[in-house]
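# Chains, contacts and geometry: an overview
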Amino acid sequence: MGKDIFIKMNILQEKFKALKKQMQDKWQLLDSDIEDEKRYEIVAGIQQDLIDYATFLEEEMKLYDTDVIQMLNTTCELCYRYVVTHELYLKSFLYIMKMQLDIIGQLTFTCVKKGAYNLSIVAIIKNEMYMREWIEYHRMIGVSHFYIYDNESTNHLKEELKDYIDMGIVTYHYFPGSLVQHKAYNHAVENYQFETKYMAIIDADEYIVPMQDALVPDIVEQIFKDYESVVFKESEFAGGVGINWREYGTSHHKEKQDGLCVENYMYRAADDYFQNVHIKTIFIPRVIMNIANPHFPYMEEGWRNISENGSMIPHSYFYDSMCKKLRINHYFCKSEEEFMQKLKRGWPDRVHEELAKTRIDKEMNLAINTCNEIYDPIMEKYIPELKKRLKRS
């Protein structure tokens with residue numbers, strides 16, 4: 001299935017490139033010294049190219065009644081107005097058509113078929129202990145679906161998530177092996193890019209937090225709209241939003257606590273803590289070339305990753321975020337007991353090796369001291385509803 005979807009994406013890219021080339025060649029002819037009748041014939045050909053492209057999007061990509069189809073219809077009407085009603089001068093027609101083509105290109109890769117998920121999360125999991133809380137919390141803040149890659153968990157993860165799988169909330173893959181993190185993420189993009197409008201790649205110890213009174217997909221939409229409205233921005237389109245970490249410590253717990261992660265761990269590091277420059281990205285999966293870094297996906301030419309304020313993020317760190325719209329609470333350690341277990345079991349993206357005692361002591365010192373400096377009860381408001389959901393499930 002993944003190969004077929006990846007081929008579909010390549011076909012979509014090639015089809016749009018072909019349309020763009022056809023349009024540009026015909027515009028050049030239109031701007032040459034030819035008779036009006038010949039010019040009208042060329043514009044009729046442009047209109048047919050647009051109709052053929054719309055037919056491809058509807059029949060092959062199932063993009064019925066989407067913004068890109070509406071834009072193609074509008075552009076066809078411009079051709080009619082030029083040829084039949086003569087409402088537009090040639091220079092005005094060419095200027096408008098060039099703008100329309102840019103918008104068609106953007107919409108080609110941002111539209112999804114009807115019934116697609118609004119926001120999905122991709123995660124590779126290895127023996128995580130708070131999965132149901134993590135899923136229910138993210139459902140509360142606007143996540144529609146979860147693509148879970150099980151990296152040899154020994155705590156019966158599939159059985160724990162069976163009801164979510166049966167309800168279609170979770171798509172589960174058993175994904176064994178070492179150093180398979182990037183492989184899992186690229187598998188998700190290749191297989192599911194047409195099933196979801198936006199995709200986020202995060203870990204099970206990361207919780208996306210809306211800093212405004214809105215669902216996360218709505219905040220992302222507004223960030224994109226604000227970026228598009230900037231008159232003097234560079235020509236690239238926004239393909240993703242980078243979200244900075246806020247690192248949480250042990251909250252002075254030596255042993256694993258009963259109850260919710262977000263309830264038990266409310267102490268974090270200061271905003272200027274060096275690890276908080278890390279980002280994770282919510283992105284449009286149809287513009288992704290490759291994911292070689294879990295923090296920062298590589299996008300097609302003409303697309304960029306931006307901050308919540310619209311500035312470009314060129315890599316997996318961002319040094320200027322106040323997290324006024326979105327942030328990620330990173331519960332990287334939890335209790336001292338759990339953190340020691342995590343240090344010993346390793347990570348899916350690293351070759352497992354025994355850590356030296358000095359390294360363990362350093363990591364534990366950060367978790368116990370530096371990352372416990374600030375009491376931050378931002379998650380309190382979610383706890384009553386979260387408990388109700390978990391009790392029902």
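Everything numeric here is computed off the predicted structure, so don't read it as measured data.

Right, let's get into unusual backbone geometry. The general pattern is negative phi for most residues beyond glycine and trans for most peptide bonds. Although it is not a glycine, lysine 62 sits at a positive phi angle of roughly 60°. Tracing the backbone through its elements, the reader meets lysine 62 in the loop between helix 2 (36-59) and helix 3 (67-85). On the accessibility criterion, lysine 62 (42% relative accessible area) is partly exposed. One non-glycine residue, leucine 179, adopts positive backbone phi at about 55°. Inspection of the secondary structure assignment puts leucine 179 in the loop between strand 3 (170-174) and helix 8 (181-192). On the basis of relative accessible area, leucine 179 is assigned to the partly exposed category, the value being 49%.

Tracing the sequence through the fold places histidine 253 in the loop between strand 6 (237-247) and helix 10 (261-264). According to the relative accessible area criterion, histidine 253 is buried, its value standing at 19%. In this structure the side chain of histidine 253 is engaged in a polar contact, spanning 3.1 Å, whose partner is the backbone oxygen of asparagine 264. In this view, histidine 253 contacts Asn264, Tyr265, Ser335 and Glu336; residues no more than four positions away in its chain are not counted.

Attention now goes to the pattern of salt bridges. Summed over all chains, the structure comprises 25 salt bridges. Between arginine 39 and aspartate 36 there is a salt bridge, and its shortest N-O distance comes to 3.3 Å. You can see arginine 39 and its partner aspartate 36 sitting in helix 2, 3 residues apart, about one turn around the helix. Between glutamate 206 and lysine 280 there is a salt bridge, with its nearest N and O atoms 2.7 Å apart. In this pair, glutamate 206 sits in strand 5 (residues 206-210) while lysine 280 sits in strand 8 (residues 279-283), placing the two residues 74 residues apart along the sequence. The class of lysine 280 is buried, set by a relative accessible area of 3%.

The next subject is the pairing of strand 6. It is a general feature of regular strands that their side chains alternate between the two faces of the sheet. For strand 6, the buried fraction is high: 11 of the 11 residues fall into the buried class. Bridge count between strand 6 and strand 11 (residues 303-306): 4 bridges; the pairing is parallel. Counterpart to alanine 238 in the pairing with strand 11 is arginine 304. One ladder, built from 3 bridges, connects strand 6 with strand 12 (residues 326-330); its direction is parallel. Residue pairing across strands places tryptophan 245 opposite isoleucine 328, the latter belonging to strand 12.

Here is what the cut-offs are and how they apply
- Residues numbered from 1 in each chain as written.
- Predicted model: local features only at pLDDT ≥ 70, side-chain atom pairs only at ≥ 80, totals over all residues.
- Heavy atoms only, no water.
- Helix = DSSP H or I, 4+ residues; strand = E, 2+ residues; numbered from the N terminus.
- Buried < 20%, exposed > 50% of the residue type's maximum accessible area, 1.4 Å probe, protein only.
- Polar contact = N/O pair within 3.5 Å; in protein donor to acceptor, adjacent residues only side chain to side chain.
- Contact = heavy atoms within 4.5 Å.
- Salt bridge = Lys/Arg side-chain N within 4 Å of Asp/Glu carboxyl O.
- Pairing = 2+ DSSP bridges.

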